[in-house]
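# Structural features, examined
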Amino acid sequence: MTLAIEVKNVRKQFVLRHTRSIKEALVWLLNGRKGDLSEKFLALDDVSLSVKKGETVALLGFNGSGKSTLLKHISGVMVPDSGTILTRGRVAGLIEVGAGFHHDLSGRDNVFLNGAILGMTEKEIEDRFDSIVEFAEIGQFIDTEVKFYSSGMYLRLAFSVAVHTKPDVFLVDEILAVGDEPFQRKCINKIKELAAAGQTLVVVSHDLELVSTICDRGVLLQKGAIVLDGPVREVVSELRRRQRD
Ligand SMILES: Nc1ncnc2c1ncn2[C@@H]1O[C@H](COP(=O)(O)OP(=O)(O)OP(=O)(O)O)[C@@H](O)[C@H]1O
C-alpha cells in the first residue's frame, strides 16, 4: 500500500483580532497589559489522515469545520503549528483559483508562469499548451491580459493548467460551484476521468450528490476534528442526518 498523503497530529490555531474600543484598550494598558486582547481559535485539532495512492476522498462538514484549512495544509499553502504533513509526488489543485496568475500578463504568459509554479518544465508546458487552451476554450483571448478576462474565463484557464500538470495528488476546493453549467460538467467529467485513471483526489464540496459520484471515501470534520471516516455514502448520510437535527 503506497501512501499519497499522510497527515499526522496536525494542529492549527488562528488568532482572531477583534476591534476593541479605546476604553477597553486603555483598561488593558492600565492593568499592565494583562490578559489577551486577541482571541485564539483552533481550526485543526490534532488531525491525522492517511490517503492511499488512487483513493478519492471527500472532506465534508458544516461551514467553518476546517475542510479548506486542511486542504491548504495538504497543498502546502499553510504550515501547521504542530504535526506533520507528507505528500508523495506532485500535488496540484484548485484551492485559490488562479492564485498564481498575474493580472498584467497575458493568458499565454500565465500558462507558462502558473505551469512552472505547479512544477511543469518548459518543454512539458509547450507540449501541452494547445491542449490547455483547447480545454479552457479561451481561443483568441489567449494573448489578452487576464485582467480583462471574465471570472469564468479566468477559472477555466486556471483549471485547465492545473489538470494538465498531471499531478499525483489533485486537490479541489469548491471549484465545481463556479463557472457556467457546460464548463462545470466538463470539469466534473475531467475529474471523474482522473479518478478512473487512478489519480489520488481530495475534494471539498457542499454538493453532496456530486461528491458521492466522484469520491469513494468521506471524511467528516467537526470543529477542526475528524469525527467520521468511511465510505462516502455512509458519511454523506450521517452529515444529512446532522443537518436535519
Ligand atoms: N487565515 C485565517 N485567519 C483566521 N481564521 C481563519 C483563517 N482561515 C480560516 N479561519 C477560520 O477557521 C475556521 C475553519 O475555516 P475553513 O475555511 O477551513 O472551514 P470550511 O470547513 O472550509 O468552511 P466552509 O464550508 O464555510 O468553506 C473558520 O472558523 C474560519 O473562520
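Below is a short write-up of the structure. (Residues numbered from 1 in each chain as written. Predicted model: local features only at pLDDT ≥ 70, side-chain atom pairs only at ≥ 80, totals over all residues. Heavy atoms only, no water.)

With that out of the way, let us pick up the nonpolar core. Counting residues in each nonpolar core, the largest one holds 46 residues, and the members touching the most others are Leu60, Leu157 and Phe170. A per-element tally of this core places helix H5 (residues 151–164) first, with eight residues. In contact with Leu60, not counting residues within four places along its chain, are Lys67, Ser205, Leu208, Val211, Gly218, Val219, Leu220, Leu221, Val235, Val236 and Leu239. By size, the runner-up hydrophobic cluster in this structure holds 19 residues, among which are Ile5, Val51, Ile74 and Leu221. (Core = buried A, V, L, I, M, F, W, Y, C linked by side-chain atoms within 4.5 Å. Buried < 20%, exposed > 50% of the residue type's maximum accessible area, 1.4 Å probe, protein only. Helix = DSSP H or I, 4+ residues; strand = E, 2+ residues; numbered from the N terminus. Contact = heavy atoms within 4.5 Å.)

Further remarks concern the site of the ligand. Surrounding the ligand, one finds 13 residues, the nearest of these being Gly64, Lys67, Ser68, Thr69 and His206. Between an oxygen atom of the ligand and a side-chain N or O atom of Lys67, the distance comes to 2.7 Å. Between the ligand and the protein, one listed contact pairs an oxygen atom with a side-chain N or O atom of Thr69 at 2.5 Å. For the ligand, whose free accessible area comes to 640 Å², the fraction covered by protein is 63%. (Near = heavy atom within 4 Å. Polar contact = N/O pair within 3.5 Å; in protein donor to acceptor, adjacent residues only side chain to side chain. Areas by Shrake-Rupley, 256 points an atom, 1.4 Å probe, with all protein chains shown as cover.)

We now examine the packing of aromatic side chains. Enumeration over the complete set of coordinates arrives at six aromatic pairs. Ring centres of Phe135 and Phe159 lie 5.9 Å apart, and the angle between their planes is 15°; on these two criteria the pair is classed as stacked. Residue Phe135 is located in helix H4 (residues 122–136), and its partner Phe159 is located in helix H5; the two are separated by 24 residues in the primary sequence. Residue Phe159 is classed as buried on the basis of its relative accessible area, which comes to 1%. With a centroid separation of 6.1 Å and an interplanar angle of 80°, the aromatic rings of Phe159 and Phe183 are classed as edge-to-face. With Phe159 in helix H5 and Phe183 in helix H6 (residues 181–196), this residue pair connects regions lying 24 residues apart in the sequence. Directly above the ring of Phe183 sits Arg156, whose terminal nitrogen or CZ lies 5.7 Å from the centroid. Over the ring of Phe135 we find Lys186; its NZ or CZ atom is 4.6 Å from the centre of that ring. (Phe/Tyr/Trp six-rings, centres within 6.5 Å; stacked < 30°, edge-to-face > 60°. Lys NZ or Arg CZ within 6 Å of the ring centre and 35° of its normal.)

Attention now goes to the pattern of salt bridges. All chains considered together, the criterion is met by 16 salt bridges. Across the pair Asp104 and Lys147 runs a salt bridge, and its minimum N-O distance is 2.9 Å. In this pair, Asp104 sits in the loop between strand E5 (91–94) and helix H3 (107–117) while Lys147 sits in the loop between H4 and H5, placing the two residues 43 residues apart along the sequence. As a salt-bridge pair, Glu181 and Arg185 come within 3.8 Å of each other at their nearest N and O atoms. Separated by four residues within a single helix, Glu181 and Arg185 lie in helix H6, roughly one turn from each other. The structure contains a network of salt bridges with shared partners spanning Glu238, Arg241, Arg242 and Asp245. (Salt bridge = Lys/Arg side-chain N within 4 Å of Asp/Glu carboxyl O.)

Bringing the sheet that holds E5 into the picture now. Strand order in the open sheet formed by six strands is E5-E6-E7-E3-E8-E9, with mixed pairing between adjacent strands. Only two strands of the sheet have a single neighbouring strand rather than two, namely E5 and strand E9 (225–231). For this sheet, the mean inter-axis angle between neighbouring strands, taken without regard to orientation, is 20°. Pairing of strand E3 (residues 56–60) with strand E8 (residues 217–222) involves four bridges; the strand directions are parallel. Of the residues in E8, the one forming a bridge with Ala58 is Gly218. Sheet contacts for H5: E5 and strand E6 (169–173); angle to E5, the most-contacted strand, approximately 160°. The sheet strands contacting helix H8 (residues 232–244) are E3, E8 and E9, and the helix crosses E9 at an angle near 130°. (Pairing = 2+ DSSP bridges. Axes fitted to C-alpha atoms, helices over the stretch in contact; angles between N-to-C directions.)

Worth remembering: the numbers are spatial, not functional.
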